[in-house]
Structure formats: C-alpha cells, structure tokens
Amino acid sequence: MMREGEVEAAMVADMRAFGRFYTRQIGLLEEGLHRSAFSLTEARVLYELAHRDGLTASVLGQDLGLDAGYLSRLLKRFEEQGLLTRRAAADDGRRQVLALTPEGQAAFAPLNEASRAEVEALLARLPCADRAALVGAMARVRRLLGDPPERPAILRDLRPGDIGWIAHRQGLLYATEYGFDLTFEALVAEILAAFVRDFDPARAGAWIAEQAGEVTGSVFLAPASAGAGPASETVGKLRLLYVEPSARGQGLGRRLTAACIAGARERGYRQLTLWTNDVLGAARRIYAEAGFRLVESAPHRSFGQDLVGETWVLDL
C-alpha cells in the first residue's frame with residue numbers, strides 16, 4: 001500500500017507521456033510556433049502583453065515563472081524590433097509599464113489567429129459530445145493543478161446523464177474520503193431514482209453546479225415525507241449536497257445550500273430538514289452558517305463505518 005504523498009512510477013510515466021503527446025498535437029516542437037518567427041515563450045509573452053494592461057516586467061516574470069535575466073533580454077529584443085514600449089506608471093514613476101506598439105499588435109495578430117484556427121481544427125475532428133468532454137477534462141486538469149477557474153460555476157437544472165454521474169461521483173468520493181462502502185452508493189442511487197420517479201416541480205428541485213461543461217456539485221430538494229398528513233406539505237428536505245474536490249474553496253457549497261433554501265421558500269415550505277453524519281465537517285459548517293440547527297443525533301453502523309447521524313432543521 002502506498003503512503004500519503006508517494007506517487008506511483010506508472011502515474012509519472014503516464015503524465016510525461018501525455019505531455020509529449022500534447023506538445024506534438026499543438027505544434028510546440030516546431031522551431032517557430034505556428035510557423036512564425038517566435039518561440040513558444042516569446043509568443044506567450046506577446047499574448048500576455050496583448051491581453052493585459054499595466055503589466056510590469058516583474059509581474060510578467062512572476063506570473064509566467066520566467067527567469068528575470070532571460071525575460072529582460074527577451075523584452076529588450078522586442079523593444080529593438082519596435083514591438084514593445086515602456087512608460088513610467090502613473091502612480092509610481094519607478095515602475096515601468098509594458099505595452100505592445102501597433103507593430104507589436106500587428107505581429108501578434110496572425111500568431112493568435114493561427115493558434116485559434118489550429119485548436120478549432122483539432123476540435124472539429126471530434127463529435128460534439130467529445131468536444132465538451134475534452135474541454136471539461138482540460139478544465140478539471142487545470143483546477144486539480146491549482147489554476148483558479150476563469151468563470152464561476154453556473155447552477156442549472158437536472159439533465160439526462162446527471163443522475164448516474166452524481167451517484168457515481170458521490171459513491172467514489174465518499175469511499176475515498178471517508179471509507180464508505182458500496183451500500184452508500186446504492187443509497188444515493190435509490191434516493192436519486194425516487195427523486196426522478198416522484199418528481200413534482202411544485203415540491204421538488206435540483207441544482208447542478210457546472211464549470212466548463214463539467215458537473216462540480218449538486219443539491220436536491222424533496223418533500224420530507226410523502227403522504228404523512230398535512231405536516232408533510234410544509235416540510236422539505238435538503239438532500240445529497242456535494243462539491244467536487246477540484247471545485248472546493250470557491251464557496252460553491254454555500255451557493256448550492258442557499259439555492260436549495262430559496263427553492264424551499266418559493267415552494268411554500270415552512271421548514272427545511274436534512275440528515276447528515278458528524279464526520280462531514282465542511283458540510284456541517286455550511287449548514288450552521290445558513291441557520292440550520294442540530295436537533296437530534298444518534299450513533300449508527302452504516303456504509304461499513306461507525307457513525308453519528310444528525311438531523312438538522314431550518315425554520316423558513
């Protein structure tokens with residue numbers, strides 16, 4: 001068994017193999033990027049200068065991870081070619097702000113267009129579903145490696161394919177993070193199947209978080225107990241809140257919880273309840289911050305673990 005922090009040699013080899021494959025796919029092995037006179041690094045510097053205002057050499061070098069001396073020589077070469085100018089910053093004359101000249105913009109434009117056309121041609125070879133899957137996978141790679149998302153997640157309605165995917169992801173995540181066995185995934189699948197089978201938009205709702213075409217979280221609202229008398233009409237249940245590890249730290253769990261609470265109010269519920277376990281610390285903090293109060297707890301043996309189940313309630 002591998003210890004935390006150890007990396008399998010096969011994983012290292014696979015990641016290196018992907019790097020070699022991808023650099024070949026997008027033409028990074030050519031002497032000039034996209035058959036231009038610019039290297040990959042030069043093209044990336046031009047891109048940053050074309051798309052960001054107020055850049056200084058120090059910020060540019062830090063963001064791109066470039067050696068200061070190497071970047072200084074590159075920028076000097078751009079100046080000598082008439083592609084770049086420097087001016088003193090308005091708020092601090094000691095800082096030199098970089099900007100492309102009209103000649104620099106003209107040099108960058110065909111490079112940018114060639115890159116766009118090359119990627120478009122690459123995507124055009126794929127069916128629409130595979131394009132979305134590829135872009136979503138790339139976005140997930142970026143998030144996993146620490147690149148913050150460019151756009152916040154959207155919350156959308158349930159779509160075909162979501163039910164199976166959410167059961168799969170929750171089963172896998174809870175097994176990895178808490179040691180839950182297959183009975184947990186079976187329970188999630190049963191809850192979701194019942195949600196679809198008994199769905200009434202006047203009493204139930206689903207909010208699916210999506211970023212770059214990939215599901216990154218979800219939450220469901222359902223009646224607390226169907227057919228249990230008049231009280232069942234006024235009590236809703238928040239179910240199956242989860243956020244993908246790669247999307248955590250963005251406040252997405254709070255957004256999903258807030259959406260479910262708002263949905264419960266819109267449907268006329270007077271109270272919202274939920275059941276969770278004490279090991280789910282992040283979720284419990286979200287519930288407490290949203291105003292839920294813990295009203296009952298009891299030990300139980302479920303999903304192959306000794307747990308403490310908790311019932312939380314929010315008066316609406």
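Residues numbered from 1 in each chain as written. Predicted model: local features only at pLDDT ≥ 70, side-chain atom pairs only at ≥ 80, totals over all residues. Heavy atoms only, no water.

Enquirer: Report on the confidence of the model for the chain, specifying residues and quantitative values.
Expert: Overall, the predicted model of the chain reaches an average pLDDT of 88, with 92% of residues at or above 70. Mean pLDDT values over the elements of the chain span from 81, in helix H6 (residues 128-144), up to 97, in helix H9 (residues 252-266). (pLDDT = per-residue confidence, 0-100. Helix = DSSP H or I, 4+ residues; strand = E, 2+ residues; numbered from the N terminus.)

Enquirer: Help me get a handle on the sheet that holds strand S7 (residues 235-243), residues and values and all.
Expert: Backbone hydrogen bonds hold the strands of a sheet together, and the pairing may be parallel or antiparallel. The strand order S4-S5-S6-S7-S8-S10-S9 describes an open sheet built from 7 strands, whose pairing is mixed. With partners counted over all chains shown, the strands left at the sheet margins are strand S4 (154-156) and strand S9 (293-302), one partner each. Put simply, the sheet's adjacent strands are angled 25° from each other on average, direction ignored. Examined bridge by bridge, strand S5 (residues 205-211) and strand S6 (residues 214-223) share 7 bridges and lie antiparallel to one another. Looking across to S6, one finds that Ile208 is bridged to Ser218. This element, helix H7 (residues 162-178), spans S4, S5, S6, S7 and strand S10 (305-315) of the sheet and lies at about 65° to S7. (Pairing = 2+ DSSP bridges. Axes fitted to C-alpha atoms, helices over the stretch in contact; angles between N-to-C directions. Contact = heavy atoms within 4.5 Å.)

Enquirer: Describe the pattern of salt bridges, naming the residues involved and giving the relevant values.
Expert: Throughout the structure, instances matching the rule amount to 18 salt bridges. For the salt bridge of Glu79 with Arg86, the shortest nitrogen-to-oxygen distance reads 2.8 Å. The partly exposed category is assigned to Glu79, whose relative accessible area is 31%. You can call Arg86 partly exposed: its relative accessible area is 33%. Between Glu289 and Arg254 there is a salt bridge whose closest N-O contact spans 2.7 Å. Within this pair, whereas Glu289 is found in helix H10 (residues 281-289), its partner Arg254 is found in helix H9, the two being separated by 35 residues in sequence. (Salt bridge = Lys/Arg side-chain N within 4 Å of Asp/Glu carboxyl O. Buried < 20%, exposed > 50% of the residue type's maximum accessible area, 1.4 Å probe, protein only.)

Enquirer: Would you mind going over the pairing of strand S8 (residues 271-277) in detail, with residue names and values included?
Expert: A large share of S8 lies buried, amounting to 5 of its 7 residues. In this structure, S7 lies alongside S8, joined through 3 bridges in parallel fashion. Along S8, the bridge assignment pairs Gly236 with Leu272. Taken together, S7, H9 and S8 form a β-α-β motif whose crossover is right-handed. In terms of strand pairing, S8 meets S10 through 7 bridges, oriented antiparallel. What sits directly across from Asn277, in S10, is Gly309. (Right-handed = clockwise from strand over helix to strand, strands pointing away.)

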